[in-house]
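The primary structure of each chain is shown beneath.
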Amino acid sequence: MNIRELLNRLGVPRSSGRITARSPIDGSVIGSVAPTPDVNHAVDAAGDAFIRWRRVPPPRRGELVRLLAEELRAAKSDLGLLVTVETGKILQEGLGEVQEMIDICDFAVGLSRQLYGLTMATERPEHRMMETWHPLGPVAVVTAFNFPVAVWAWNAALALVCGNPVIWKPSDKTPLCALAVHALVERAAHRLGGIPAGLCQVVFGGARTAVALADHPGIALLSATGSTAMGKALAPRVAARLGRSLLELGGNNAAVVCPSADLDLTVRAVLFAAVGTAGQRCTTLRRLIVHNSIRADLVDRLKTAYASLTLGDPREAGTLVGPLIGRPAFTAMQSALEAARSAGGAVHGGGRVMVGNWARAWYAAPALVDMPGPSPLMATETFAPILYVTGFDTLDEAIAANNGVPQGLASSIFTRDLGEAETFLSAWGSDCGIANVNIGPSGAEIGGAFGGEKDTGGGRESGSDAWRAYMRRTTNTINFGTELPLAQGIRFETP
Ligand code: SIN
């Protein structure tokens, strides 16, 4: 495959610089971009764009997003392939990621006619009280390599219809995906016409660029997706200037499997959740908490399922597991497995697999680790396909194990017992932002709000009412009478 032809079709101009994009499929260099020297110019341009964009009626703003969805539909196969080439996720997932962009654009177009506020009853006669939602200001979106286009779309589609310019800092590992999306945005903007320059921009650079955006008073909202360490470094800087952050950070997601669970369904769900995207989703299933009465049976079934996985070139139909993003990910995986062995875990799989003669690519067999009991090492998120298995006897014990990690992103329970399912979803059940029944923790749809608690950062992106994070709320009280009654019956009159 000729990467330049693919980029040409996507309208990506030639560029070069010291940020090098490598395909994890074979380790080859596929392009490079220059870091943005400083973000001030971009933030100023976004500030200017904001002055104009906030006055554009929201449904007209939605029209830009509708046209972007059209561009994405037309470019779906090329952009999906580029996602696969730059991240190593299998083509089905690359295409799925573009579909997710299309879905959130469609959602945002509808939303552009639904940015509603409430009216509240007022105690004062001939008064009306209501709230209105207004654009917030420039939004910076920092994204990770594993969802190089969809996470931008979750944020940008909402931010744009809410009236905000967007500055995107993609991962240094996936700059070409960002350039391709930017080219599609420009096509949509050109078709609509009258779009202020600076409405959608991309800046490149490592942590310094993210820090510069976090520190800049011209950024009204910093939305950051990535590790907990990254969030803990950026959020206090935004808070120090009383800016807003929206954080979607690490996950350490568990599934509880109860005795009544349909084990065929459970195995299928666990497989997608634990090894999909080579274990590199924020929502990847990392801990399986199984009732002791069915544990041996489930582990055997999973070993058989793992043995049948097709690992290889993610562009090929039939491949289910592609490469890790790079050598550091492989090394981290091996260290975690070594620690698990030292803690008495029985490790199945997990070794390096050579694909072709690609010595610079890092393919690893997904690992299943049967642990003798709970271990502190399971509290750490290793961004690789490692699934730890532990047992439980009571549901309370299982819920405590589910919640007993610093992160709080996604969780599932597999059961046919309504009481168990509802308990898991209740206020004393899973403490995660996502709690599912009889499906795995990963593979969210855009209609729901996405994010989690504790070390996951507390932010919500995508569906439901996540749009409110991108707007400012004003409460309005209108007196349409001739008297001036004060609230709480206060009398304040001159003699
Ligand atoms: C992610 O953000 O890592 C995954 C989202 C999902 O699985 O739906």
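Residues numbered from 1 in each chain as written. Predicted model: local features only at pLDDT ≥ 70, side-chain atom pairs only at ≥ 80, totals over all residues. Heavy atoms only, no water.

Looking only at helices and strands, one finds 13 helices and 23 strands in the protein. In terms of overall dimensions, the protein is globule-like: its C-alpha atoms have a radius of gyration of 24 Å, near the 23 Å expected for 495 residues. If you line up the protein on its principal axes, its C-alpha atoms span 85 × 55 × 35 Å. Counting only residues that meet the buried cut, the protein has 55% of its 495 residues in that class. When contacts within the protein are restricted to residue pairs at least 6 apart in sequence, those whose partners lie at least 24 apart make up 74%. Accessible surface for the protein amounts to roughly 20500 Å². Of this, 54% is attributable to carbon and sulfur atoms. (Helix = DSSP H or I, 4+ residues; strand = E, 2+ residues; numbered from the N terminus. Rg over C-alpha atoms; globule rule 2.2 N^0.38 Å. Buried < 20%, exposed > 50% of the residue type's maximum accessible area, 1.4 Å probe, protein only. Contact = heavy atoms within 4.5 Å. Areas by Shrake-Rupley, 256 points an atom, 1.4 Å probe, with all protein chains shown as cover.)

A few words now on the site of the ligand. Taken together, Asn-146, Phe-147, Glu-248, Arg-281, Cys-282, Thr-283, Ser-442, Gly-443, Ala-444 and Phe-450 make up the full set of residues near the ligand. At 2.9 Å from an oxygen atom of the ligand is found a side-chain nitrogen or oxygen belonging to Arg-281. Within the backbone of Gly-443, one N or O atom sits 2.7 Å away from an oxygen atom of the ligand. Classifying every residue of the shell around the ligand gives four nonpolar, four polar and two charged. (Near = heavy atom within 4 Å. Polar contact = N/O pair within 3.5 Å; in protein donor to acceptor, adjacent residues only side chain to side chain. Nonpolar A, V, L, I, M, F, W, Y, C, P; charged D, E, K, R; others polar.)

Let us now look at the environment of Trp-152. By the secondary structure assignment, Trp-152 is in helix α5 (residues 150-161). Looking at Trp-152, the relative accessible area reads 4%, which means it is buried. C-alpha of Trp-152 to C-alpha of Pro-376: the two residues are 224 residues apart in sequence and 34 Å apart in space. In this structure, Trp-152 is in contact with Leu-68, Met-101, Val-141, Thr-143, Ala-157, Val-166, Trp-168, Val-181 and Val-185, ignoring residues within four places of it in sequence.

For the rest of this paragraph, the subject is the UniProt feature "active site" (unreviewed entry) in the protein. Under the feature "active site" (unreviewed entry), the UniProt entry names Glu-248. Summarising the element assignment, Glu-248 is placed in strand β9 (residues 244-248). Given a relative accessible area of 1%, Glu-248 falls into the buried group. Each residue touching Glu-248, except ones within four places of it in the same chain, is listed here: Trp-154, Ala-224, Thr-225, Gly-226, Cys-282, Leu-409, Phe-450, Gly-451, Thr-456 and Glu-461. (UniProt positions renumbered as here; feature names shortened; annotations may be inferred.)

One finds Leu-72, Leu-79, Leu-82 and Trp-152 to be the most contacted residues of the largest nonpolar core, which totals 77 residues. Counting residues per element, this core draws most heavily on helix α3 (residues 58-87), at 12 residues. Counting 46 residues, the second-largest nonpolar core is a separate cluster that includes Leu-263, Val-290, Leu-298 and Ile-325. (Core = buried A, V, L, I, M, F, W, Y, C linked by side-chain atoms within 4.5 Å.)

All right, on to the pattern of salt bridges then. According to the stated counting rule, one finds 21 salt bridges in the structure shown. Here Arg-66 makes a salt bridge to Glu-63, at a shortest N to O gap of 2.9 Å. In this pair, Arg-66 and Glu-63 are both assigned in helix α3, three residues apart and thus about one turn of the helix distant. Classification of Arg-66 by relative accessible area gives partly exposed; the value is 33%. (Salt bridge = Lys/Arg side-chain N within 4 Å of Asp/Glu carboxyl O.)

The next point concerns helix α11 (residues 327-342). If you check α11, its first and last C-alpha atoms are 23 Å apart, about what 16 residues at 1.5 Å a residue would give, namely 22 Å. Taken together, the buried positions of α11 are occupied by Ala-329, Phe-330, Met-333, Ala-336, Leu-337 and Ala-340. On an axial view of α11, the arc spanned by its buried residues comes to 125°, and they lie on one face. Turned more than 90 degrees off the buried face of α11, the exposed positions are Arg-327, Pro-328 and Ser-342. Of the surrounding secondary structure, the elements contacted by the buried residues of α11 are β12 (346-348), β13 (352-353), β14 (363-364), β15 (367-370) and β16 (386-392). (Expected span 1.5 Å × (residues − 1). Arc of directions from axis to C-beta.)

In the numbering adopted here, UniProt assigns the feature "domain: Aldehyde dehydrogenase" (unreviewed entry) to residues 15-474. End C-alpha to end C-alpha, residues 15-474 measures 44 Å, and it is 38% helix and 20% strand.

With that settled, consider the side chain of Asn-402. For Asn-402, the location among the structural elements is in helix α12 (residues 395-403). Relative accessible area serves as the criterion here: at 1%, Asn-402 is assigned to the buried category. Here Ser-430 takes part through its side chain, which lies 3.4 Å from a polar atom of the side chain of Asn-402. For Asn-402, the residues in contact, after removing those within four places along its chain, are Ala-254, Val-256, Arg-287, Ile-289, Ser-411, Phe-424, Ser-430, Asp-431 and Cys-432.

What follows covers the sheet that holds strand β7 (residues 200-202). Strand pairing in a sheet is mediated by backbone hydrogen bonds. Such pairs are either parallel or antiparallel. Reading across from one edge, β7-β6-β5-β8-β9 is the order of the five strands in this open sheet, with parallel pairing throughout. Strands with a single pairing partner mark the edges of an open sheet, and in this sheet they are β7 and β9. Across the sheet, the axes of successive neighbouring strands diverge by a mean angle of 15°, strand direction being ignored. In this fold helix α6 (residues 175-192) packs onto β6 (166-169) and β7, with an angle of close to 160° to the strand it touches most, β7. (Pairing = 2+ DSSP bridges. Axes fitted to C-alpha atoms, helices over the stretch in contact; angles between N-to-C directions.)

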